[in-house]
Amino acid sequence: PNTRLRVLLDMDGVLADFEGGFLKKYRERYPNEPYISLEERRGFWVSTQYGELRADLCDKAISIWESKNFFMELEPLPGSVEAVKEMAKMKNTDVFICTSPIKHYAHCPYEKYAWVERHLGPDFLEKVILTRDKTIVSGDILVDDKPDILGPGQLAIIERNVNSALYQKILRQNVWSSVHKSNRDWIMQQDSDQKHESVEPNPSWEHVLFTACHNKHLPVSTTQRRLLSWADNWRDILEGKC
Ligand SMILES: Cc1cn([C@H]2C=C[C@@H](COP(=O)(O)O)O2)c(=O)[nH]c1=O
């Protein structure tokens, strides 16, 4: 039996301070526009919350992370680099960075690799996985701040085909499993009918929710484990002690 533990670590919001880096550069670029403080952030999508504040702010938000050097200059979150380096040295443990690039590919993929080399060292370049669908990556644990980790196909289906109240509910309740079995089957049926890119309804990994400004107010889940920060006891999480 394979006794090795495979840990998948998200980058934005887990290793790199996306939210803090975004707000800093947004306020520099749009000093007279309204902004959302980190304390006011709700929901994973920054673009959605800015768009709700004022329609044109959605594209303004997107323009920030599509800019050159945005991903390159993100600061590591406190304790993240130290934790990853220690984790990678643990026996019987393999660590991969599993991150989604944005669709605007001019800068992001390159800068994500450069960020890893700069903060974690060149050996870590072997461990980078870029994917728009994390459900098809196999591992034991995925540490990620995004509450709902569905394949892009499922999310697109939900967003398009079920009323927005249910969609918002799913996002708020932050787990696909919160969707009633019959709804899940129906959504998957829609998905296969529309020949969406392959989605994996039952990912191999356990999703450990990494606390971020946008998800700290979500109702406490009785099933999903949380990692509050890298100062929290991530070793116990890996050992399955809690
Ligand atoms: C918050 C936010 C993020 N993104 C992009 C930018 C980086 C990736 C990170 O995806 P992740 O690997 O954390 O699931 O999503 C967006 O495209 N829109 C948003 O509103």
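Below is a short write-up of the structure. Computed from a predicted structure; not experimentally measured.

Remarks on the site of the ligand
So, point 1. Taken together, 13 residues sit near the ligand, with Asp10, Val46, Ser47, Ser100 and Lys134 positioned nearest.
So, point 2. In the environment of the ligand, an oxygen atom lies 2.9 Å from a nitrogen or oxygen atom belonging to the backbone of Val46.
So, point 3. Burial of the ligand by the protein chains amounts to 89% of its free accessible area of 470 Å².
So, point 4. Taken together, the residues that form the shell around the ligand break down as six nonpolar, three polar and four charged.

Describing the nonpolar core
So, point 1. Membership of the largest hydrophobic core comes to 45 residues, with the highest contact counts inside it found for Leu9, Phe22, Tyr50, Trp65 and Trp230.
So, point 2. Aside from chain neighbours lying at most four places away, what touches Trp65 is Phe18, Phe22, Val46, Ser47, Phe70, Phe71 and Ile102.

Regarding the packing of aromatic side chains
So, point 1. The full count for this structure, using the stated rule, is 12 aromatic pairs.
So, point 2. With 5.5 Å between their ring centres and 45 degrees between their planes, Phe18 and Trp65 make a pair best called tilted. Separated by 47 residues along the polypeptide, Phe18 in helix α1 (residues 18–29) and Trp65 in helix α3 (residues 55–65) bring together distant segments of the chain.
So, point 3. Classification of Phe18 by relative accessible area gives buried; the value is 15%.
So, point 4. Accessibility expressed as a relative area gives 12% for Trp65, which makes it buried.
So, point 5. Here the aromatic rings of Phe18 and Phe70 are separated by 5.3 Å at their centres, their planes lie at 80 degrees, and the arrangement is edge-to-face. Separated by 52 residues along the polypeptide, Phe18 in helix α1 and Phe70 in the loop between α3 and α4 (80–89) bring together distant segments of the chain. Like Phe18, the residue Phe70 is buried in the burial classification.
So, point 6. An aromatic cluster is built from Phe18, Phe22, Tyr26, Tyr30, Tyr50, Trp65, Phe70 and Phe71, whose rings are joined through pairwise contacts.
So, point 7. Above the ring of Phe96, the side-chain terminus of Lys127 is found at 4.3 Å from the ring centroid.
So, point 8. Above the plane of the ring of Phe44 lies Lys146, whose end atom (NZ or CZ) is 5.3 Å from the centre.

With respect to the pattern of salt bridges
So, point 1. Applying the stated criterion across every chain yields a total of 13 salt bridges.
So, point 2. Close ionic contact of Lys112 with Asp12 constitutes a salt bridge, the shortest N to O distance being 2.7 Å. In this pair, Lys112 sits in helix α5 (residues 108–120) while Asp12 sits in the loop between β1 (5–9) and α1, placing the two residues 100 residues apart along the sequence. Of the two residues examined, Lys112 and Asp12, each falls in the buried class.
So, point 3. Put simply, Glu206 and Arg225 hold a salt bridge, and the shortest N to O gap is 2.7 Å. With Glu206 in strand β5 (residues 206–210) and Arg225 in the loop between β5 and β6 (226–227), the pair connects residues that are 19 residues apart, well separated along the chain.
So, point 4. Look at the salt bridges and you will find they share partners, linking Glu33, Arg54, Asp56 and Lys60 into a network.

Parameters and conventions
Residues numbered from 1 in each chain as written. Predicted model: local features only at pLDDT ≥ 70, side-chain atom pairs only at ≥ 80, totals over all residues. Heavy atoms only, no water. Near = heavy atom within 4 Å. Polar contact = N/O pair within 3.5 Å; in protein donor to acceptor, adjacent residues only side chain to side chain. Areas by Shrake-Rupley, 256 points an atom, 1.4 Å probe, with all protein chains shown as cover. Nonpolar A, V, L, I, M, F, W, Y, C, P; charged D, E, K, R; others polar. Core = buried A, V, L, I, M, F, W, Y, C linked by side-chain atoms within 4.5 Å. Buried < 20%, exposed > 50% of the residue type's maximum accessible area, 1.4 Å probe, protein only. Contact = heavy atoms within 4.5 Å. Phe/Tyr/Trp six-rings, centres within 6.5 Å; stacked < 30°, edge-to-face > 60°. Helix = DSSP H or I, 4+ residues; strand = E, 2+ residues; numbered from the N terminus. Lys NZ or Arg CZ within 6 Å of the ring centre and 35° of its normal. Salt bridge = Lys/Arg side-chain N within 4 Å of Asp/Glu carboxyl O.

Functional significance is not addressed by these values, which are geometric in nature.
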